[in-house]
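# Topology and contacts: notes
Residue strings, one per chain:
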Amino acid sequence: MADRVTVIGWDGSPLTAAARSALGAATLVAGAAHHLALPEVPPAAERIRLGSVTLAARRIAQHRGTAVVLADGDPGFFGVVRTLRAPEYGLEVEVVPAVSSVAAAFARAGMPWDDAQIVVAHSRDLRRAVNVCRAHPKVAVLTSPGAGPAELALLLGGVHRTFVICEDLGTERERVTVLTSDKAADHVWRDPNVVIVVGGSPAGAAAQGTGWIAAHEVGHPTGPRGWGLPDRAYGGALGEGESVQLRTAQLARLGPRVGDLVWDIGSGSGAAAAEAARFGAAVIAVDADPDACGRAAAIARRLGVQLQVVHGRAPQILEDLPEPDVVRIGAGGVDVVTACAARRPERIVTHAATRDEAEALGRALADGGYEVECALLQSVELDTSVWVERERSVVFLLSGYRVPHP
């Protein structure tokens, strides 16, 4: 086992005295090609070109001597330190940090970043990073080959954002480019890089001053507390199928979360869509009524969340939408359920006013490869000034859970 492993972060500036001391005593040095070319690397030290960090960790664990790992930026921030500290290697790790590439990128842009979401993009799951960019007004994306600015822009589609693309930070080849997302695919970018994705303007974010917790939009803590909010939180009475009790049950079964894309088909006022967005998910709200689309957009602005509102009639309008993770169907019937099931989201929820309608929707879900649950929800609203019934609601709630392929 290595006597000591020192991980040195490098941001292009001269190495610190501590870093030079550790590197001068190293008998094994691991890093990228530009790290291994540094004049401070001892000529007699064994050199490992970093490709797979896991393979490098195994070699370091077998080494008898003093090992140094060189990494760009802060190696403890989405870096090699996590792998090297894994219990199976038994390594004692010391870290000499540098400025992270994310901190450097925001410094170049002259922007604060305590309110930014930070994601790592890989080609195998790029859509998750894209969904975070859809859902949040400020995101830093650490890219990789096949998951760079051009690919991000293509998957964002019609969602307009501004990109600040930072290439080769801290080197002589450093370049910072600011452009709109629709132009990013027209260029060739050097990998890897950092992309700051900004867009949208959550209500109150600019006016609230400094926040108290990182990676949350500043305006959100001042919004209404809880979910399944009453109608008055949305400015008045909501439409049929948007009752507090039904909306709450639907959201509980959908379980929207950061990195997800939610479809809300027949979104009505947009109350359910806005609440899904408050969980951090990206949301596309679809409705055939232009007035409903306008109200959904207004509610999103009021609550300080990002919604992509699409005016059109399902199921035809759904063909060009990106793949959803979960779907709420507020209106549309069997045809819409069938079309959504064909896209294979993890969960689908809808509702019916009658048992016959519930059976038809349940059959469509089952035929589409979903395990179906149905519950009869009954709620009674009371006038508490005289404790008499004000309104009664009865509705069938249907939930479809995707059955894994054998």
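Residues numbered from 1 in each chain as written. Predicted model: local features only at pLDDT ≥ 70, side-chain atom pairs only at ≥ 80, totals over all residues. Heavy atoms only, no water.

### Concerning helix α7 (residues 149–156)
Test applied: The cut-offs for exposure are 20% and 50% of the maximum accessible area for each residue type, with area from a 1.4 Å probe on protein chains only; residues under the lower value are buried, those over the upper are exposed, and the others partly exposed. Secondary structure elements follow DSSP: runs of H or I no shorter than four residues count as helices, runs of E no shorter than two count as strands, and numbering proceeds from the N terminus. Our arc is simply the arc of the directions from the helix axis toward the C-beta atoms. Should any heavy atoms of two residues lie within 4.5 Å, those residues are considered in contact.
Turning to α7, its buried residues are Pro149, Ala150, Leu152, Ala153 and Leu156. On an axial view of α7, the arc spanned by its buried residues comes to 160 degrees, and they lie on one face. The elements touched by buried residues of α7 are α6 (126–135), β7 (138–142), β8 (162–167), α8 (181–184) and β10 (193–198). Following α7 by one or two positions, Gly157 has its phi on the positive side, about 60 degrees.

### Remarks on the packing of aromatic side chains
Using the following cut-off: In this scheme Phe, Tyr and Trp rings, the latter by its six-membered ring, pair at centre separations within 6.5 Å, and the angle between planes marks the pair as stacked below 30 degrees, edge-to-face above 60, and tilted otherwise.
Under the criterion given, the structure shown has 3 aromatic pairs. Taken together, a centroid distance of 6.0 Å and an interplanar angle of 10 degrees make the contact between Phe106 and Trp113 stacked. What makes Trp113 partly exposed here is its relative accessible area of 31%. Seen from their ring centres, Trp227 and Phe279 are 5.6 Å apart, and the 70 degrees between their planes marks the pair as edge-to-face. Residue Trp227 is found in the loop between β10 and α9 (244–254), and its partner Phe279 is found in the loop between α10 (271–278) and β12 (282–287); the two are separated by 52 residues along the sequence. Taking relative accessible area as the criterion, Phe279 reaches 33% and is therefore assigned partly exposed.

### Side note on the pattern of salt bridges
Definition in use: Whenever a carboxyl oxygen of Asp or Glu lies within 4 Å of a side-chain nitrogen of Lys or Arg, that contact is scored as a salt bridge.
What the rule picks out here adds up to 18 salt bridges. Residue Arg173 pairs with Asp168 through a salt bridge whose shortest N-O separation is 3.7 Å. Arg173 gets classed as exposed once you look at its relative accessible area, which sits at 52%. Its relative accessible area of 21% is what places Asp168 among the partly exposed residues. Residue Arg355 pairs with Glu359 through a salt bridge whose shortest N-O separation is 3.2 Å. Of the two residues, Arg355 and Glu359 both sit in helix α13 (residues 355–367), 4 residues apart, roughly one turn of that helix.

### Examining the pairing of β10
It is a general feature of regular strands that their side chains alternate between the two faces of the sheet. Defined as follows: For two strands to pair, DSSP has to find at least two bridges joining them.
Burial runs high along β10: 6 of the 6 residues are buried. Along β10, one buried face is formed by Asn193, Val195 and Val197 and the opposite face, lined by Val194, Ile196 and Val198, is buried too. Looking at chain direction, β7 and β10 are connected through 5 bridges and run antiparallel. By the bridge assignment, Leu142 is partnered in β10 with Val194. When β8 meets β10, the two strands line up antiparallel, connected through 6 bridges. Bridge pairing links Thr162 to Val198 in β10.

### Considerations on the confidence of the model for the chain
The criterion, for reference: Scored between 0 and 100, pLDDT is the confidence that the predictor attaches to each residue.
Across the chain, the average pLDDT comes to 91, with 95% of residues at or above 70. For residues 203–208, every residue scores under 50 in pLDDT, and the model assigns this stretch 10 contacts once sequence neighbours within four places are set aside.

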